[in-house]
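A look at the structure
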Amino acid sequence: MNLLGAEPGRIFVDGTLGYAGHAEALLNKTAPDGLLFGLDRDADALAAAAERLAPFGDRAILLHASFRELRDVLKARGVSQVDGVLLDLGVSSVQLDRAERGFRFSEETAEETPLDMRMDATRGETAADLLARASEETLTDWFRRYGELRGAARLARTIVESRREAPPRTAADLIRLTREARVGGGRRHHPATLVFQALRIAVNDELGALEEGLATATSVLAPGGRLCVIAYHSLEDRIVKHFMRGAERGCICPPKDPICTCGILPSLRRITRRPVRPGVDEIAGNPRARSARLRAAEKLAA
Ligand SMILES: C[S@@+](CC[C@H](N)C(=O)[O-])C[C@H]1O[C@@H](n2cnc3c(N)ncnc32)[C@H](O)[C@@H]1O
């Protein structure tokens, strides 16, 4: 709340509304007249958030949209500038805990868990669709880049060979294929966890949405407005870090060029040089926060 500069009368966007914990705090801090636009791709999350935020009346405006569409969504409501944007990336605890969404596997329920993984369950292809259709090269690329898996190519080949008989439909099918391909996941993770992570990122185009979302969020900030982003794995955090660094630098001309010809001016000033991490007490109370990294930046005057 402090990094966002939440104060009465200001307008904020929560681009990842989820179950509205952050949104509720923002609405309390901006009382009595601040506004909050809350976006989520997940219609179930929006419905639950609407209930939680009902006491705030029309100070909370909830929208079923991806944060990559932020500028257009605000424009359609006659808003061109806001005082802060928050992105708390990834999936929510509720999404993780709902087996039928297929975000998480557990050996006990894997036979009944469909390979869905869409954050917006109303559109797009499921994980099962992608596993049935994507080429071996594409699958290898996803497992390598999004899962940082050892044995990515072997797993892709195993999937492509096995789907000639029947494509994987359940979490159990995918776990079996992961074992068969003998992929490695490093010391900290079960290999299937990284396979699931890779597929989830691909199904939701999470990194593409993040890159676009950061740019569009910056473009709607008023001078002095704040952008705060919480990432939960290094792939996302790296994108946030490079984006904020690049926006602070502006010019993209090669360093050896004698003068700037690109004309790109700095648009942000970083206010956290290093990411803010949760403390021991926060992790004890909320273990899923343990990998969170928060970075914040402020919009410069044009
Ligand atoms: C970690 S949860 C946010 C939890 C929230 N801060 C709270 O207080 O309850 C992330 C949420 O962002 C949503 N989400 C992820 N990517 C999104 C995107 N590109 N656009 C909109 N919502 C997205 C997910 O559906 C999920 O509900």
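Below or above, wherever it landed, is the structure these notes cover. The model shown is predicted, which means the values in this text are computed figures rather than measured ones.

The next thing to look at is the overall build of the chain. For the chain, the count of helices and strands is twelve helices and seven strands. Here the C-alpha radius of gyration of the chain, 21 Å, is about what a compact globule of 302 residues would show, namely 19 Å. With the C-alpha coordinates aligned to their principal axes, the bounding extent of the chain is approximately 60 × 60 × 40 Å. When the 302 residues of the chain are sorted by exposure, 48% land in the buried category.

Turning our attention to the site of the ligand. In the vicinity of the ligand lie 22 residues, with His-22, Asp-40, Phe-67, Asp-88 and Gln-95 positioned nearest. At 3.3 Å from an oxygen atom of the ligand is found a main-chain nitrogen or oxygen belonging to Ala-20. Surface burial for the ligand is 92%, taken as the share of its 610 Å² of free accessible area covered by protein chains. Of the residues belonging to the shell around the ligand, the class tally is nine nonpolar, nine polar and four charged.

This part is about helix H10 (residues 206–220). Here H10 contains 15 residues, and its C-alpha end-to-end distance of 21 Å stays within 8% of the 21 Å for a straight helix at 1.5 Å per residue. When you tally the buried positions in H10, you get eleven out of 15 residues, the bulk of the element. Of all the positions in H10, only Glu-206, Leu-207, Gly-208, Ala-209, Leu-210, Gly-213, Leu-214, Thr-216, Ala-217, Thr-218 and Val-220 are classed as buried.

Turning next to the sheet that holds strand S4 (residues 82–88). Taking strand neighbours across the sheet as the criterion, the seven strands line up as S3-S2-S1-S4-S5-S7-S6 in an open arrangement whose pairing is mixed. Both outer strands of the open sheet, strand S3 (60–64) and strand S6 (268–270), are each paired with one neighbouring strand and no more. Ignoring which end each strand starts from, the neighbouring axes of this sheet average 20 degrees apart. Note: S6 against strand S7 (residues 293–299), three bridges, orientation antiparallel. Across the sheet, residue Leu-268 finds its bridge partner in S7, namely Lys-299.

Simply put, the disulfide is a covalent bond whose two ends are the sulfur atoms of two cysteines. Evaluated as defined, the whole model comprises zero disulfides. Here Cys-251 is not disulfide-linked; the sulfur of Cys-253 is the nearest cysteine sulfur, at 3.7 Å. A relative accessible area of 25% places Cys-251 in the partly exposed class.

What follows deals with the nonpolar core. Ranked by internal contacts, the top residues of the largest apolar core, which has 69 residues, are Val-85, Leu-139, Phe-143 and Leu-227. In terms of residues, this core owes the most to one element, helix H9 (residues 191–203), which gives nine residues. A domain-level breakdown of this core finds at least three residues from each of domain 1 (11–93 + 206–299) and domain 2 (121–203). In this structure, Ala-6, Ala-49, Ala-60 and Ile-230 belong to the second largest nonpolar core, which totals 20 residues.

This brings us to the side chain of Asn-204. Mapping Asn-204 onto the fold places it in the loop between H9 and H10. In this structure Asn-204 comes out as buried when scored by relative accessible area, which is 2%. A polar contact of 2.8 Å, which involves the side chain of Asn-204, links it to the backbone nitrogen of Met-119. Ignoring any residue separated from it by four or fewer positions in sequence, one finds Asn-204 in contact with Arg-41, Phe-103, Met-117, Arg-118 and Met-119.

About the criteria used
- Residues numbered from 1 in each chain as written.
- Predicted model: local features only at pLDDT ≥ 70, side-chain atom pairs only at ≥ 80, totals over all residues.
- Heavy atoms only, no water.
- Helix = DSSP H or I, 4+ residues; strand = E, 2+ residues; numbered from the N terminus.
- Rg over C-alpha atoms; globule rule 2.2 N^0.38 Å.
- Buried < 20%, exposed > 50% of the residue type's maximum accessible area, 1.4 Å probe, protein only.
- Near = heavy atom within 4 Å.
- Polar contact = N/O pair within 3.5 Å; in protein donor to acceptor, adjacent residues only side chain to side chain.
- Areas by Shrake-Rupley, 256 points an atom, 1.4 Å probe, with all protein chains shown as cover.
- Nonpolar A, V, L, I, M, F, W, Y, C, P; charged D, E, K, R; others polar.
- Expected span 1.5 Å × (residues − 1).
- Pairing = 2+ DSSP bridges.
- Axes fitted to C-alpha atoms, helices over the stretch in contact; angles between N-to-C directions.
- Disulfide = S-S within 2.5 Å.
- Core = buried A, V, L, I, M, F, W, Y, C linked by side-chain atoms within 4.5 Å.
- Domains from an automatic or database assignment.
- Contact = heavy atoms within 4.5 Å.

None of the figures reported here should be taken as evidence of function without further support.
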